[in-house]
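Here's the letter readout for the chains.
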Amino acid sequence: MAATQAARELVGLFPPGTGVDHSGALVLGGVPVSELAEAYGTPALVVDEAAIRARARRYADGLAARWPNSRATFASKAFPCTAVYRLLAEEGLGIDVAGGGELTLALAAGADPAGLVVHGNAKTDEELRLAVEAGAGTVVIDNFDDIDNLERILATTRGEQGVLVRVTPGIRPDTHEAVSTGQSGSKFGLPVPQAREAIARLRGSERLRLDGVHVHVGSQILDTEPFVRAVEAVADLGEFAVYDLGGGLGSRYTYADRPPTVEEYLDAVIDVAKRLLPADARILIEPGRSMVAEAGVSLYRVVSVKRGDGHTFVAVDGGMGDNLEVSLYQQRFEAAIATRPTGQGEPCRLVGRHCESGDTLSAGVPLQDPRRGDLIAVPVTGAYTYALSNNYNGACRPPVVFVRGGAHRAVVRRETYDDLMRRDLP
Ligand code: LLP
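Every chain's residues receive numbers from 1 upward, in the order its sequence appears when written. In keeping with the predicted nature of the model, local features appear solely for residues at pLDDT of at least 70, side-chain atom pairs appear and are counted solely at 80 or more, and the whole-chain, interface and lining totals rest on all residues. Calculation of side-chain values draws on the structure's entire complement of heavy atoms; hydrogens and water are dropped beforehand.

Colleague: Could you clarify how one ought to interpret the pattern of salt bridges in this entry?
Modeller: Two side chains with opposite charge may pair up if their charged atoms get near one another. Salt bridge, as applied in this entry: a Lys or Arg side-chain nitrogen positioned within 4 Å of an Asp or Glu carboxyl oxygen. Under the criterion given, the structure shown has 23 salt bridges. Put simply, R53 and E90 hold a salt bridge, and the shortest N to O gap is 2.8 Å. Highlighted residues: R53 in helix α3 (residues 49–66) and E90 in helix α4 (residues 82–90), separated in sequence by 37 residues. A relative accessible area of 11% means that R53 is categorised as buried. Under the relative-accessibility criterion, E90 is labelled exposed at 53%. For D125, the salt bridge identified is with R152, shortest N-O distance 3.1 Å. Taken together, the residues D125 in helix α6 (residues 125–134) and R152 in helix α7 (residues 144–156) connect sequence positions 27 residues apart. Strands here are runs of E lasting at least two residues and helices are runs of H or I lasting at least four, both read from the DSSP assignment and numbered beginning at the N terminus. Each residue's exposure class comes from its accessible area (1.4 Å probe, protein chains only) as a fraction of the maximum for that residue type: buried when under 20%, exposed when over 50%, partly exposed otherwise.

Take a look at the structure:
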């Protein structure tokens, strides 16, 4: 492959506004990478704000064009920081929250409570009460305890709560088993017979208003067929006012990945919806990963290069503390030396700094003459990285930096050693 073509292909995995300056270094949202590394240190999660906004509009406008009575809702577990909630609330999206913490963050960011969809397979009374008291528009019923508990809570608080019943349709998409949720045996939702039972019960409930049904079959799904089958499954449950079709569209992490586009996904689900769902129903979708993944770039500094045994280990100052996707789901990432992204070079194992053999960011990525001090950029890290970041080995969680039109600002600061000790009691 010609050098320039490899470089172009590599840059193509970065957010749409990414460029290369006169020295050949990456420029993210108009800001040279070395300026970002200098201002915020490494590791750092850089987010192209315009890329998230553009994606949100593609989802919202694309859905509305195909099915006007609809709403795109952001599955906030993919990136639960207030700046992201605020941005997506500004774009007019609803917000899906999984638990009291995400609910609190969404409210703090100014999200409209009526647009909140509250999930969880183990909602505590405290969380349900928080949702009811906040005026959350929708609570998704995952189990019969949710029904009992909500009815009990509503008896002492306000009048009515809108709910959806989550069904587990027995669909196993072709994705990593740890991110598949629609198969029978899943801990999420109710199998079809029990979902029907819950629906019947809710139809007789005084305080719970059954708005409809919900389905979510998995994440990082790279073809449209499982989504079509999910619509067929909810259509089979009967006629409702609302159908929430969940999230799950995959992102392009590597050159080889070819996920459907947002438009292909919407065409597929809305085509089947037009055949099978009532024409006056409201449709919700809950994309998480595909809303934010491609807007994020992780920056690291090379700490050591070790050759031997037929391997080149390039070790950086982050790893599974800020990106658990590889350890949990064997997600594959590409990477580049940020100041000279060629897409070529010797095959390297890009590894993290943590005491865990699985702490690998990329098992085989070409890097051109990697050296200590080089800046490494890993693209497509906007989803489920900040969300799953942790303090293993006493690592401080990285800052989140928004870039836009040549300007940059931290929206989450780096953790410090003081932060690490803050909850420890004498
Ligand atoms: N709706 C529900 C009810 C969900 O459980 C999820 C994701 C979504 C929507 C959004 O799915 P997405 O569009 O992001 O695929 N931690 C994993 C991913 C777990 C996804 C869990 N549910 C990871 O790091 O890959």
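Still more ground to cover, so stick around.
Colleague: Would you explain the nonpolar core in this entry?
Modeller: Within soluble globular proteins, side chains that are nonpolar tend to cluster in buried spots. Remark: nonpolar core denotes a set of buried residues (Ala, Val, Leu, Ile, Met, Phe, Trp, Tyr, Cys) joined through side-chain atoms within 4.5 Å. Counting 101 residues, the largest nonpolar core has F74, L350 and I376 as the members making the most contacts within it. Here, residues are in contact when the closest pair of their heavy atoms is within 4.5 Å. Not counting residues up to four positions away in its chain, the partners in contact with I376 are S298, L299, Y300, V302, V316, A335, A336, I337, A338, L350 and L367.

Colleague: For this particular structure, what's the right way to read helix α10 (residues 262–276)?
Modeller: Residues three or four positions apart in an α-helix share a direction because the helix packs 3.6 residues into each turn. Between its first and last C-alpha atoms α10 spans 21 Å; for 15 residues at 1.5 Å apiece the expected length is 21 Å, and the two agree. Where α10 is buried, its residues contact α3, α9 (225–235) and β13 (282–285). Take the number of residues in a helix, subtract one, and multiply by 1.5 Å to get its expected span.

Colleague: Hey, could you run me through the packing of aromatic side chains in this one?
Modeller: Aromatic rings in a pair are described by how distant their centres are and how their planes are angled relative to each other. Two rings belonging to Phe, Tyr or Trp (six-membered ring only in the last case) form a pair when the distance between their centres is within 6.5 Å. Interplanar angles under 30 degrees mark stacking, angles over 60 mark edge-to-face geometry, and anything in between is tilted. If you walk through the whole model with that rule in mind, you get five aromatic pairs. Counting every residue linked through ring pairs, the aromatic cluster contains Y59, F227 and Y265.

Colleague: It is not clear to me how the domain arrangement of the protein should be interpreted in this structure. Could you clarify?
Modeller: Interfaces are often sized by the accessible area lost when the parts come together. Per the annotation, domain bounds derive from an automatic or database assignment of domains. Looking at the assigned domains, one finds that the protein contains domain 1 (2–48 + 294–421) and domain 2 (112–287). For domain 1 versus domain 2, the separation of C-alpha centres amounts to 34 Å. Accessible area that two parts lose when put together, with a 1.4 Å probe and added across both, is what the buried area reports. Here domain 1 packs against domain 2, burying approximately 1,200 Å² in sum over the two surfaces, 55% of which is carbon and sulfur. Our count for the domain 1 to domain 2 interface comes out at zero salt bridges. Here a polar contact is recorded for every N or O atom pair within 3.5 Å, except that within protein the pair must consist of a potential hydrogen donor and a potential acceptor, and residues adjacent in sequence are included only if both atoms are side-chain atoms. Linking domain 1 with domain 2 are two residue pairs in polar contact (both at pLDDT 80 or more). Within the residue set of the side of domain 1 that touches domain 2, elements represented by two or more residues are α1 (3–11) and α12 (325–329). The greatest single-element share of the side of domain 1 that touches domain 2, amounting to three residues, is contributed by α12. Note on residue categories: nonpolar means Ala, Val, Leu, Ile, Met, Phe, Trp, Tyr, Cys or Pro, charged means Asp, Glu, Lys or Arg, and polar means any other residue, Gly included. Split into classes, the residues belonging to the side of domain 1 that touches domain 2 amount to seven nonpolar, three polar and five charged.

Colleague: For this particular structure, what's the right way to read the site of the ligand?
Modeller: Proximity criterion: a residue is near a molecule or strand once any of its heavy atoms comes within 4 Å of it. Surrounding the ligand, one finds 19 residues, the nearest of these being S219, E286, R289, E325 and Y384. At 2.9 Å, a backbone N or O of G288 approaches an oxygen atom of the ligand. Within the contact set of the ligand, an oxygen atom lies 2.6 Å away from a side-chain nitrogen or oxygen of R289. Computed by Shrake-Rupley with a 1.4 Å probe, the accessible areas treat only the displayed protein chains as cover when residues are assessed. Calculation on the ligand without its partners gives an accessible area of 580 Å², and the protein chains cover 91% of this total. The residue makeup of the shell around the ligand, split by class, is six nonpolar, seven polar and six charged.

Colleague: What's the story with the side chain of T168 in this structure? I'm lost.
Modeller: Within the fold, T168 resides in strand β9 (residues 161–168). Beyond its immediate stretch of four places on either side in the chain, T168 contacts T181, G182, Q183, S186, F188, G189, L190, P191 and V192.

Colleague: I would appreciate a short explanation of the environment of Q220 in the present structure.
Modeller: Position of Q220 relative to the elements: it lies in the loop between β11 (208–214) and α9. Given the relative accessible area of 9%, Q220 is considered buried. Along the backbone, Q220 and R58 are 162 residues apart, and their C-alpha atoms lie at a distance of 18 Å. Setting aside chain neighbours within four positions, we find Q220 in contact with T175, G248, G250, S251, Y253, D257, R289 and Q331. A polar side-chain atom of Q220 sits 2.8 Å from the main-chain amide nitrogen of S251.

Colleague: Would you mind showing me how to read the pairing of strand β6 (residues 94–98) here?
Modeller: Within a regular strand, the side chains alternate between the two sheet faces. Of all five residues in β6, four are buried; the element is thus mostly enclosed. Summarising the sheet, strand β5 (residues 70–75) and β6 pair through three bridges and their orientation is parallel. The residue of β6 that forms the bridge with A75 is D96. For the handedness criterion, the strands are oriented away from the viewer, and a crossover whose path from the first strand over the helix to the second runs clockwise is classed as right-handed. Read as a crossover between parallel neighbours, the route from β5 over α4 to β6 is right-handed. Two elements, β6 and strand β7 (residues 116–119), share four bridges in a ladder whose sense is parallel. Here, any two strands with at least 2 DSSP bridges between them count as paired.

Colleague: Quick question: what am I supposed to make of the packing of α3 against α10 here?
Modeller: The geometry of a pair of packed helices is captured by two quantities: the angle between their axes and the separation between those axes. The geometry of α3 relative to α10 is characterised by a closest axis approach of 10 Å and an angle of 25° between their N-to-C directions. In this view, α3 runs roughly parallel relative to α10, as classed from their interaxial angle. Crossing handedness for the pair α3 and α10: right-handed. Of the residues in α10, those touching α3 at R55, R58, Y59, G62, L63 and R66 are V262, E263, Y265, L266, D267, I270 and K274. Helix axes are fitted only over the stretch in contact, all axes being lines through C-alpha atoms; the angle between N-to-C directions runs from 0 to 180 degrees. Small angles under 35 degrees read as roughly parallel and large ones over 145 as roughly antiparallel, with 65 to 115 read as roughly perpendicular and the rest as oblique. Handedness of a crossing follows from how the near helix is turned relative to the far one, being left-handed for an anticlockwise turn of less than a right angle and right-handed for a clockwise one.

Colleague: So what exactly am I meant to see when it comes to α9 here?
Modeller: Within α9, eight of the eleven residues are buried, leaving the element largely enclosed by the surrounding structure. The set of residues buried in α9 consists of P226, F227, V228, A230, V231, A233, V234 and A235. Where α9 is buried, its residues contact β9, β11, β12 (242–244) and α10.

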